[in-house]
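# Coordinate inspection notes
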Amino acid sequence: MKKMTMILFSIVLILLSGCARLKVEENNTLIEYLDNKYGKAEKGGYEKNNIKCDVLKDNYILYINGDIFILKDGTSYEYIEQGNKVYKNNQQCKKKETDIIIQKVVGDYFIGKDDKVYSSLYTKGDYNIESDFELLTKNNDIVSLKRVYEPSPNGYMFFVLKTDGNIYKTVFDMGLDYKIDFDKVVHETLLYSKDDYGFIKNFFNYGDDFFLITDNALYGPEKIITEECTKYADVDCEIKMVENKLYKNYKSEIKYINENYIVLKDNTILWTKLVFPPLEDEEV
């Protein structure tokens, strides 16, 4: 009887370990995880696009939006985000006809080798010159920034990532010519410190929901569910910044990420909100 019990116990262990292996294997890539969560993209479960573009696959990306991407060498390319059509080069991307070479991307603003600042608002023509931001070229401490549209009578407010690896909420002085002086800080508050999360390399946000990208991790907001906050209407659940487990599992597949797009190493393009949704989307 004892021997039979041990045999049955062993069989159960084997079955359980097999199920565990199957669960891991089912989600051994990010796409498989999304297929299991939303249903296969090919059947309308979610939106993805794998573009035919050799230069995108073989080079480091500085920036991407729905019309263009910029490579590390500063060259810009148009691309076909959806569908099966190709350009005459038999690719779904082609080099943009422009003399502008981008040497640095600062959030949604581009600093050209001509020391002019351009915007990411692409209109099938050339880049738009942002004359109000021309002094951005003089400040080498700013890695990335995003405009904050809150009342600020003394200047312009931004979320700013600096070369020290910290993120600040900063008000810059507004000059008499209405140009933003990025060397004159009117007020500044530390928002996210490298002492808490490690050296911050980049960030994106949806309103108050911030996602911090460090050397080894991505941190994002998580609602801490307690009995009190689920029971009482006048008790809010606490929000904490935690390491994102999904990013931890699949970061080796991700080549580039910003608030709108994720580019995988095989040229698959995904909506960022699909993979890393803001808190309000998670609640739906």
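The shown structure was predicted, so the numbers you read here are calculated from the model rather than taken from an experiment. (Residues numbered from 1 in each chain as written. Predicted model: local features only at pLDDT ≥ 70, side-chain atom pairs only at ≥ 80, totals over all residues. Heavy atoms only, no water.)

## A look at unusual backbone geometry
At Asn90, a position not held by glycine, the phi torsion is positive, near 65°. Within the fold, Asn90 resides in the loop between β4 (76-79) and β5 (93-95). (Helix = DSSP H or I, 4+ residues; strand = E, 2+ residues; numbered from the N terminus.)

## A short note on the side chain of Glu130
Structurally, the position occupied by Glu130 is in the loop between β8 (117-119) and β9 (142-147). Notably, Glu130 is buried but unbridged: the nearest opposite-charge side chain belongs to Arg147, and the N-O separation is 7.8 Å. Polar side-chain contacts of Glu130 include one of 3.3 Å to the side chain of Ser119. Setting aside its immediate chain neighbours within four residues, Glu130 contacts Tyr109, Val117, Tyr118 and Ser119. (Buried < 20%, exposed > 50% of the residue type's maximum accessible area, 1.4 Å probe, protein only. Lys, Arg positive; Asp, Glu negative; His and termini not counted. Salt bridge = Lys/Arg side-chain N within 4 Å of Asp/Glu carboxyl O. Polar contact = N/O pair within 3.5 Å; in protein donor to acceptor, adjacent residues only side chain to side chain. Contact = heavy atoms within 4.5 Å.)

## Regarding the sheet that holds β5
Strand order in the open sheet made by the 4 strands is β2-β3-β4-β5, with antiparallel pairing throughout. Here the strands that pair on one side only, and so sit at the sheet edges, are β2 (61-64) and β5. On average, adjacent strands in this sheet sit at an angle of 25° to one another, irrespective of strand direction. Inspection of the sheet shows β2 paired to strand β3 (residues 68-71) by 3 bridges, in the antiparallel sense. Each residue of the ladder has a partner; that of Ile61, found in β3, is Leu71. (Pairing = 2+ DSSP bridges. Axes fitted to C-alpha atoms, helices over the stretch in contact; angles between N-to-C directions.)

## Quick word on the sheet that holds β8
As summarised here, the arrangement of the 3 strands in space is β6-β7-β8, forming an open sheet in which the pairing is antiparallel. The two strands at the open ends of the sheet, each matched to only one other strand, are β6 (102-106) and β8. Each adjacent strand pair in this sheet contributes to an overall mean axis angle of 30°, direction not counted. As paired elements, strand β7 (residues 109-112) and β8 share 3 bridges and run antiparallel to each other.

## With respect to the state of the cysteines
According to the stated counting rule, one finds 2 disulfides in the structure shown. Across the disulfide from Cys53 sits Cys93; the S-S distance is 2.0 Å. Across the S-S bond of Cys53 and Cys93 the torsion is about 95°, and the bridge reads as right-handed. Taken together, the positions of Cys53 in the loop between β1 (48-50) and α3 (54-58) and Cys93 in strand β5 put the pair 40 residues apart, joining distant regions of the chain. The exposure class assigned to Cys93 is buried, which follows from its relative accessible area of 4%. Linked covalently through their sulfurs, Cys229 and Cys237 form a disulfide whose S-S length is 2.0 Å. Here the disulfide of Cys229 and Cys237 is right-handed, its torsion about the S-S bond being about 80°. In this pair, the class of Cys229 matches that of Cys237, namely buried. Look at the chain and number its bonded cysteines as they come in the sequence; the links are 1-2, 3-4. (Disulfide = S-S within 2.5 Å.)

## A look at the confidence of the model for the chain
Looking at the chain as a whole, its pLDDT mean stands at 86, while 87% of the residues score no less than 70. Looking over the chain, one finds the lowest element-wise mean pLDDT in helix α1 (residues 2-26), namely 45, and the highest in helix α4 (residues 194-197), namely 96. (pLDDT = per-residue confidence, 0-100.)

## Regarding the environment of Val186
Considering the arrangement of structural elements, one finds Val186 in strand β12 (residues 180-192). Each C-alpha atom of the pair Val186 and Asn154 lies 7.2 Å from the other, and the pair is 32 residues apart in sequence. When residues no more than four places from it in sequence are discounted, the contact partners of Val186 are Asn154, Val171, Phe172 and Asp173.

## Some thoughts on the environment of Asp108
Along the chain, Asp108 falls in the loop between β6 and β7. Put simply, Asp108 and Tyr63 are 45 residues apart on the chain and 8.5 Å apart in space, counted from C-alpha to C-alpha.

## Digging into the nonpolar core
Ile64, Phe69, Ile70, Tyr79, Phe110, Tyr127 and Ile269 are the most contacted members of the largest nonpolar core, which totals 23 residues. Within the residue set of this core, elements represented by two or more residues are β2, β3, β4, β6 and β18 (261-264). A total of 4 residues in this core trace back to one element, the largest contributor, which is β3. With residues up to four places along the chain from it excluded, the contact list for Phe69 reads Cys53, Val55, Leu56, Tyr63, Ile64, Thr75, Ser76, Tyr77, Tyr79 and Cys93. Counting 21 residues, the second-largest nonpolar core is a separate cluster that includes Ile31, Tyr206, Tyr250 and Ile257. (Core = buried A, V, L, I, M, F, W, Y, C linked by side-chain atoms within 4.5 Å.)

## Thoughts on the packing of aromatic side chains
Scanning the entire structure with this criterion turns up 23 aromatic pairs. A centroid spacing of 5.3 Å and a plane angle of 5° characterise the contact between Phe69 and Tyr77, whose relative ring orientation is stacked. Taken as a pair, Phe69 and Tyr77 share a single burial class, namely buried. Through pairs of rings, three or more aromatic residues link up here, namely Phe159, Tyr192, Tyr197, Phe203, Phe210 and Tyr219. Above the face of the Tyr168 ring, Lys162 is positioned so that its terminal group lies 4.8 Å from the ring centre. (Phe/Tyr/Trp six-rings, centres within 6.5 Å; stacked < 30°, edge-to-face > 60°. Lys NZ or Arg CZ within 6 Å of the ring centre and 35° of its normal.)

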